[in-house]
Amino acid sequence: MDQVRIMVRVRSYGDSIVVRWAPNHPVAWSVTNRFGYIVTRRYLDVDDEYKVEVLTPEPLKPWSLERMMDHFGPNDTIAAVAAETIHGEGFTPGEIDEHQQGFMESLIHEQEIQQTRFAFAMQAAEFSPEVAKAMALRFTDHDVKEGVLYDYLVTVVTPEDLLYIEGGSDLVRCGTPEPLYPPDEVDIRQSDYNRIELAWSRDRSSAYFIERSTDGGQTFNRVNRLPYYSTEPDPTWESDSPTIQFYGSVLDHYHIFSDTVTPGITYLYRLQGIDGFSDLTPFTEPVHITPIDLTPLTAPVILQASTYNDTMVKVSWGIDDDPDVAGFYIEKSDSHEGIFTRINDLMLPPNTTEFVDVHASETRGGFYRVVAIGHSGKQSMSSMARGFVEDFDPPSTPEGLNGIVYHDGIVELFWDHSPEDDVRGYRVAYANQVDHDFVVITPWPISDNYFRDTIPVRTLTRNIYYKVLAEDFSGNRSPYTEILKLTRPDIIPPVTPVAVDARQDAENVHIWWSPSPSKDLLIYRVFRKQEKEERWALVQEFDPAEVGDRIAFTDSPSPSPMPYLYGIEAIDQAGNTSGLSRVLSFRVRGNPVPDIPISLTAQYDEENRQVNLQWTCDSPFPYYVILLRSAGDAPLAPVTTLEASHSSYTDRRLNSGTSFSYAIRLQLEDGRQSQPSETIQVTIP
């Protein structure tokens, strides 16, 4: 979900300031209705002291249904919409039953319900100040002073662990309200014999009122009782209709309003916008139009298109008396969705009711319609009728059958169009085994050379088989194509290897796993990490063809007091992983007493009466130094502990006539100790 926040706008009216707000997401609005909004005002007073004042001691929440009904009454349509979006059951999400329809389709449907509910609610709040107040989306501050700059903050009391919603704010200086401007670029046109269309640019207005005059502009009456707003087209929806494409492109930038009119009367229209504060803009300059009479021409009624003399088609029709009819043209198409072309060069006289297509055998007939032409240029046409010429020749077998299976089980099949003009469509059949009976999955011929199927992919049956035939308008069928074999995508993970033995010594870890019984394996991968580490490290890979009946693994990690964890996964040819196996834990301490070379020297400094000790050591492990000393025949004992960065020590605690012995031992971080160095003896005179 994108960042969820409260969108805030404020407007000064001189003696008061109105704060309007709305969440930017349907979920945020639904949740916040339960917890409410807080309005805070911030400003500098006359003494330049920064003030922060909470204007709503209790969070603002939508009114109850009973309060709305008592306040607005049954005839307030906008209030009824608001009450329905907040309290109505019609917008309440239903239980998602993935057995009744696709699970994802159910989720999308529920999301669309919530978005529609949210859109209706926000429009209701913009169309009525009282409704916005009842919905807890508007607040009026009457305690204001002219010339003061106020900053209004709207926050929510929704718990952040439920949904974090960022507050919003807006600034305004108290004073005369800014002027509002009317909509511009208003245009008008006649769209049908009794319809006109108004179009105007999209602006900041939330909706509009349209007024109409039929007395030259002396009086105007509202055409729409409720505010009007034309939504923008859905960018994801596509259509091949030129009309829909035209209106879709227009609605990207303009509003369109249609009205019913009477030809011959002059109409004047003007518009007035309403914004998010429910304030009305000034009216636009009126635009006018005088619609002309576009009463449609009487349409002919086609009676039949029948076979005539075995090779031709006779088209018969009738038409009600209409003095405007000047004649007829006959149009023909290869399909009911195809492009119709005229097949008579000269217009038939108005009293004609039959026409014979002498070239019908070339196309085995077709779809026919009759077009009436009026003296004024109007046109009307009949419905279409299918005319057949007997055909016993099947079409040729389709070629180029191919397809693809996607990981979600969607199958796309495509092939070349058959070259015959009378092909009605194609039928598709499938089987799970090449030697099984094929089942036709298209109950009627499909007109396109493309078919989309859905198959289960979580199955051990690896292949699926398809074939296609062509069928003409006479019902003749071609032979099937060659069988197309498609392989289902592999989404079944391989079986996880199982540990059958594990051993360790002071420095090595040995693990044996039984191989995965899955057949399409690509590789085994062994991972290792220490107990408190987050990331696993890949330490070895095995080729399934080379492991035999055991996967034998040996590792020699650095000694550590922290346990090492090991796991293995199997990956198949499709990239599916078995997931990590059961984790095995080992504590590798290394040799208990590591042999680390230590060189120690000791020299008596007679002048300063001290013994100077120096040493070197080459340890691969982190360590610190323990200095051992004894006097006379006493055993060596620790004297001091030094960091690894030290390589010398001065001993001044000496007695004359006494022999002192010295040695060095390393203490490793993992708890082990090295062998002591060679003992050095120094006699003090």
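In this text the structure is predicted, and so the values were computed from the model without any measurement.

(A) Representation of the overall build of the protein chain. Looking only at helices and strands, the protein chain features six helices and 43 strands. For 685 residues, the compact-globule formula gives about 26 Å, and the C-alpha radius of gyration of the protein chain, at 45 Å, lies well above that figure. Dimensions along the principal axes, computed over C-alpha positions, put the protein chain at roughly 150 × 90 × 45 Å. Taken over 685 residues, the protein chain has a buried fraction of 43%. Put simply, of all contacts in the protein chain between residues at least 6 apart along the chain, 62% involve residues at least 24 apart. Accessible area of the protein chain: about 38500 Å², with a carbon and sulfur share of 49%.

(B) Molecular detail of unusual backbone geometry. With a phi angle near 65 degrees, Ser278 is a residue other than glycine that sits in the positive phi range. Structurally, the position occupied by Ser278 is in the loop between β13 (267-274) and β14 (287-289). Positioned with a positive phi, Asp310 is a non-glycine residue whose angle comes to about 70 degrees. Along the chain, Asp310 turns up in the loop between β15 (301-308) and β16 (312-318). Note on Asp310: relative accessible area 63%, which makes it exposed.

(C) The packing of helix α2 (residues 65-72) against helix α3 (residues 77-87), seen in detail. It is the contact of α2 with α3, at a shortest axis distance of 10 Å, that shows an interaxial angle of 175 degrees. The angle between α2 and α3 places the two elements in the roughly antiparallel class. Between α2 and α3, the contacting residues are Leu65, Met68 and Phe72 on the first element and Ala79, Ala83, Ile86 and His87 on the second. A breakdown of the residues in the contact of α2 with α3 according to their chemical character gives six nonpolar, one polar and no charged.

(D) The arrangement of helix α1 (residues 26-35) in detail. Buried residues of α1: Pro26, Ala28, Trp29, Val31, Thr32 and Asn33, and no others. Gly36 sits one or two positions beyond α1 and adopts a positive phi of about 100 degrees.

(E) Up close: the packing of aromatic side chains. Considering all chains together, one arrives at 15 aromatic pairs under this definition. Taking 6.1 Å as the distance between ring centres and 40 degrees as the angle between the ring planes, the aromatic pair formed by Tyr150 and Tyr152 counts as tilted. Residue Tyr150 shares its accessibility class with Tyr152, and that shared class is buried. Within the aromatic cluster, the residues linked to one another by ring pairs are Trp200, Tyr208, Tyr228 and Phe257. Here Arg270 stacks its cationic end above the ring of Phe283, 3.9 Å away from the centre of that ring.

(F) Layout of the pairing of strand β29 (residues 484-487). Burial of β29 is one-sided: the residues Leu484 and Leu486 facing one way are buried, the residues Lys485 and Thr487 facing the other way are not. Here strand β28 (residues 463-472) pairs with β29 via four bridges, running antiparallel. Pairing of Tyr465 across the sheet is with Lys485, part of β29.

(G) Structural detail: the sheet that holds strand β5 (residues 138-141). Within the open sheet, the three strands sit side by side as β1-β2-β5. Their pairing is antiparallel. Edge strands, defined here as strands with exactly one partner in the open sheet, are β1 (6-12) and β5. Between one strand and the next, the sheet's axes are offset by a mean angle of 20 degrees, whatever the strand orientation.

(H) Region of the structure containing the environment of Ala502. If you trace the backbone, Ala502 turns up in strand β30 (residues 498-504). Taking the C-alpha atoms as reference, Ala502 lies 8.8 Å from Trp513; in sequence the two are eleven residues apart. Not counting residues within four places of it along the chain, the set of residues in contact with Ala502 comprises His510, Ile511, Trp512, Leu584 and Phe586.

(I) View of the nonpolar core. Among the nonpolar cores identified, the biggest contains 49 residues, and Trp21, Tyr37, Met135 and Tyr152 are the most heavily contacted of them. Considering every element that reaches this core, the biggest residue donor is helix α4 (residues 103-127), with six residues. In terms of nonpolar packing, the next biggest core, distinct from the first, is built from 19 residues, Leu600, Trp615, Tyr662 and Ile680 among them.

(J) Here's a closer look at the sheet that holds strand β35 (residues 564-572). Read across the open sheet, the four strands follow the order β33-β32-β35-β36; overall the sheet is antiparallel. Only two strands of the sheet have a single partner each, and these edge strands are β33 (537-542) and β36 (584-586). Going from strand to strand, the sheet's axes swing by 25 degrees on average, the running direction of each strand aside. When strand β32 (residues 521-530) meets β35, the two strands line up antiparallel, connected through nine bridges. In the sheet register, Val526 faces β35, and the bridge partner there is Ile568.

(K) Representation of the side chain of Ser382 in the model. By secondary structure assignment, the location of Ser382 is in the loop between β21 (379-381) and β22 (385-388). On the basis of relative accessible area, Ser382 is assigned to the buried category, the value being 7%.

(L) The pattern of salt bridges, seen in detail. Throughout the structure, instances matching the rule amount to 21 salt bridges. The partner of Glu412 in a salt bridge is Arg452, with the nearest N and O atoms 3.7 Å apart. Of the two residues, Glu412 is situated in strand β24 (residues 410-414) and Arg452 in strand β27 (residues 450-454); the sequence distance between them amounts to 40 residues. Among the ionic pairs, Glu471 bridges to Arg477, the shortest N-O distance being 3.0 Å. By relative accessible area, Glu471 is classed as buried at 4%. Through salt bridges with shared partners, one network takes in Arg41, Glu53, Asp141 and Asp143.

Definitions and limits used
- Residues numbered from 1 in each chain as written.
- Predicted model: local features only at pLDDT ≥ 70, side-chain atom pairs only at ≥ 80, totals over all residues.
- Heavy atoms only, no water.
- Helix = DSSP H or I, 4+ residues; strand = E, 2+ residues; numbered from the N terminus.
- Rg over C-alpha atoms; globule rule 2.2 N^0.38 Å.
- Buried < 20%, exposed > 50% of the residue type's maximum accessible area, 1.4 Å probe, protein only.
- Contact = heavy atoms within 4.5 Å.
- Areas by Shrake-Rupley, 256 points an atom, 1.4 Å probe, with all protein chains shown as cover.
- Axes fitted to C-alpha atoms, helices over the stretch in contact; angles between N-to-C directions.
- Parallel < 35°, antiparallel > 145°, perpendicular 65-115°, else oblique.
- Nonpolar A, V, L, I, M, F, W, Y, C, P; charged D, E, K, R; others polar.
- Phe/Tyr/Trp six-rings, centres within 6.5 Å; stacked < 30°, edge-to-face > 60°.
- Lys NZ or Arg CZ within 6 Å of the ring centre and 35° of its normal.
- Pairing = 2+ DSSP bridges.
- Core = buried A, V, L, I, M, F, W, Y, C linked by side-chain atoms within 4.5 Å.
- Salt bridge = Lys/Arg side-chain N within 4 Å of Asp/Glu carboxyl O.

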